[in-house]
Number of protein chains: 2
Amino acid sequence: MRQDETVPDATTPARRTGGRSARVQDAVEAAALELLLDVGYSGLTMRAVAQAAGVAETTIYRRWPTVDHLTAAALLRLAAVDNPIPDTGSIEGDLHALLTQIVALLNRPRVLRVVRSAAALDDDSTGSIRAARSAFFDHRFATATSIVERAIGRHELPADTDAYQLIEAISAPAYMRALLGNRPIDDDFIAATVAYALAGARAGTRDDTLGNSWDGSR
Amino acid sequence: MRQDETVPDATTPARRTGGRSARVQDAVEAAALELLLDVGYSGLTMRAVAQAAGVAETTIYRRWPTVDHLTAAALLRLAAVDNPIPDTGSIEGDLHALLTQIVALLNRPRVLRVVRSAAALDDDSTGSIRAARSAFFDHRFATATSIVERAIGRHELPADTDAYQLIEAISAPAYMRALLGNRPIDDDFIAATVAYALAGARAGTRDDTLGNSWDGSR
């Protein structure tokens with residue numbers, strides 16, 4: 001990989017390429033993610049990130065004008081690491097592997113703390129933190145979409161399958177249990193959730209009476 | 001309704017019946033809920049509740065030893081009000097009405113703030129606040145279970161349908177969008193989510209290859 005390819009995304013306002021620049025970006029984003037995992041959003045400060053990354057605060061401000069920009073970069077880094085897209089050869093296997101991955105992440109107390117921090121943010125928070133939160137999930141969903149595309153190619157799912165909805169049906173119950181419930185997140189839960197979501201995806205076009213039988217106006 | 005019937009549940013440590021006692025309980029729980037909706041869990045104090053309810057702080061401490069006990073009582077009150085169990089005559093209609101109700105609640109900024117507060121609580125918070133959080137969802141799920149029981153009676157769902165899982169499939173995507181996403185929660189979302197969940201419930205026993213095709217050990 002060329003060094004300038006380590007500049008990963010559009011969260012860097014003043015984008016530059018080159019060795020030192022890329023190293024600084026990597027160090028700052030890694031430090032921001034570590035701090036986010038350690039102390040949560042409420043404890044993330046420019047000063048702490050500068051100290052942990054070994055760079056001047058002014059260097060950080062030049063590229064990431066606010067803590068929210070740093071948070072966005074850290075969340076995208078979290079979304080990208082340790083999450084290879086499953087490719088087991090079947091849609092059941094891929095969805096099972098994907099949900100197992102999500103459950104493993106949510107079972108890490110430091111990751112769950114970050115998710116709790118994200119959930120706690122009011123919608124009237126600054127626009128950039130909302131943007132960071134949705135960038136995280138858009139990234140997660142976008143990478144998972146290839147699972148659905150491969151399944152359509154293998155004729156395992158209808159060609160018009162809504163990838164977002166399927167991935168949401170896979171992931172939302174796990175997030176809800178982790179954030180709000182006290183039900184166990186175990187192997188039975190994973191298997192049952194995959195079966196539910198897959199049935200939903202397959203019924204979507206197979207049975208055109210679903211979805212409108214209660215409301216003649218639709 | 002007799003006055004002593006306003007003593008609703010087991011969240012009152014020193015349970016008493018009788019006119020003044022019931023009125024005090026009602027006033028305190030109503031005040032706690034209002035404060036929770038107004039300022040969130042972090043702003044809920046014994047003193048504020050006492051002032052809003054017009055009772056002495058010592059009266060509150062005698063029945064609700066901690067803020068967490070008050071929070072539990074307030075959450076149960078929130079779970080119980082304004083949420084009649086739908087009974088439209090069909091499982092599609094009932095699930096559609098239930099999700100519409102959940103979406104309406106999550107669209108109320110004050111309610112969403114309380115849900116955000118609940119999601120933000122670490123699992124290593126005191127046991128009683130975790131108990132309050134799960135009491136809220138257990139109450140919600142328990143009341144919704146009658147929807148599934150009626151549908152089984154009408155032969156709309158398999159007799160062994162897991163009510164918890166079906167209600168979770170209905171509600172989890174809405175909670176996830178409200179708490180973490182920026183996708184719209186609109187009529188199309190409601191219709192698609194109901195269709196997905198219902199297909200999952202119906203596939204559960206209809207297709208016994210689902211749920212184990214990726215793992216021979218199950």
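Note that the structure is predicted; figures quoted are calculated from it, not measured.

A. Broad picture of the environment of Arg177 of chain B. Relative to the helices and strands, Arg177 of chain B is located in helix α8 (residues 163-179). Assessed through its relative accessible area of 11%, Arg177 of chain B is described here as buried. Expressed as a C-alpha distance, the spacing of Arg177 of chain B and Leu106 of chain B, which sit 71 residues apart in the sequence, is 9.8 Å. Excluding residues that lie within four positions of it along the chain, Arg177 of chain B makes contacts with Tyr164 and Glu168 of chain A together with Arg183, Pro184, Ile185 and Phe189 of chain B. Separated by 2.8 Å, the side chain of Arg177 of chain B and the backbone oxygen of Pro184 of chain B make a polar contact.

B. Structural context of the interface of chain A and chain B. Taken together, the contact pairs 56 residues of chain A with 56 residues of chain B. For the chain A and chain B pair, buried surface summed over both sides reaches about 4600 Å², with 60% attributable to carbon and sulfur atoms. There are two salt bridges connecting chain A and chain B. The residue Glu168 of chain B makes a salt bridge to Arg177 of chain A at a minimum N-O spacing of 2.7 Å. Viewed at the interface, chain B and chain A are joined by six residue pairs in polar contact (both at pLDDT 80 or more). Elements that contribute at least two residues to the side of chain A that touches chain B include exactly α5 (91-106), α6 (109-120), α7 (127-153), α8 (163-179) and α9 (187-206) of chain A. Classifying every residue of the side of chain A that touches chain B by side-chain character gives 30 nonpolar, 10 polar and 16 charged.

C. Looking closely at the UniProt feature "DNA-binding region" (unreviewed entry) in chain A. Within this structure's numbering, the places UniProt gives as "DNA-binding region" (unreviewed entry) are residues 45-64 of chain A. Segment residues 45-64 of chain A splits into 75% helix and 0% strand. End C-alpha atoms: 12 Å apart.

D. Structural view of the relation of the copies chain A and chain B. With an RMSD of 0.1 Å, chain A superimposes on chain B once it is rotated by 180° and translated 0.0 Å along the axis. Both chain copies can therefore be described as sitting about a two-fold axis. Looking at chain A, 100% of its interface residues are interface residues in chain B too, so the copies touch through the same face.

E. Layout of empty space enclosed by the protein. In the structure shown here, the tally under the stated rule is 14 cavities of 30 Å³ or more. Lining the largest cavity are 15 residues, with Ala169 of chain A together with Ala169, Pro173, Tyr196 and Ala197 of chain B sitting closest to its centre. Those elements that provide at least two residues to the lining of the largest cavity are α8 and α9 of chain A together with α8 and α9 (187-206) of chain B.

What counts and what doesn't
Residues numbered from 1 in each chain as written. Chains lettered and ligands numbered in written order. Predicted model: local features only at pLDDT ≥ 70, side-chain atom pairs only at ≥ 80, totals over all residues. Heavy atoms only, no water. Helix = DSSP H or I, 4+ residues; strand = E, 2+ residues; numbered from the N terminus. Buried < 20%, exposed > 50% of the residue type's maximum accessible area, 1.4 Å probe, protein only. Contact = heavy atoms within 4.5 Å. Polar contact = N/O pair within 3.5 Å; in protein donor to acceptor, adjacent residues only side chain to side chain. Buried area = accessible area lost by both parts, 1.4 Å probe. Salt bridge = Lys/Arg side-chain N within 4 Å of Asp/Glu carboxyl O. Nonpolar A, V, L, I, M, F, W, Y, C, P; charged D, E, K, R; others polar. UniProt positions renumbered as here; feature names shortened; annotations may be inferred. Least-squares fit on C-alpha atoms with pLDDT ≥ 70 in both. 1 Å grid on protein atoms, 1.4 Å probe; cavity = no way out; pocket = protein on both sides within 12 Å on 5 of 7 lines; lining within 4 Å. Points joined across faces, edges and corners; volume = space filled by probe spheres on them.

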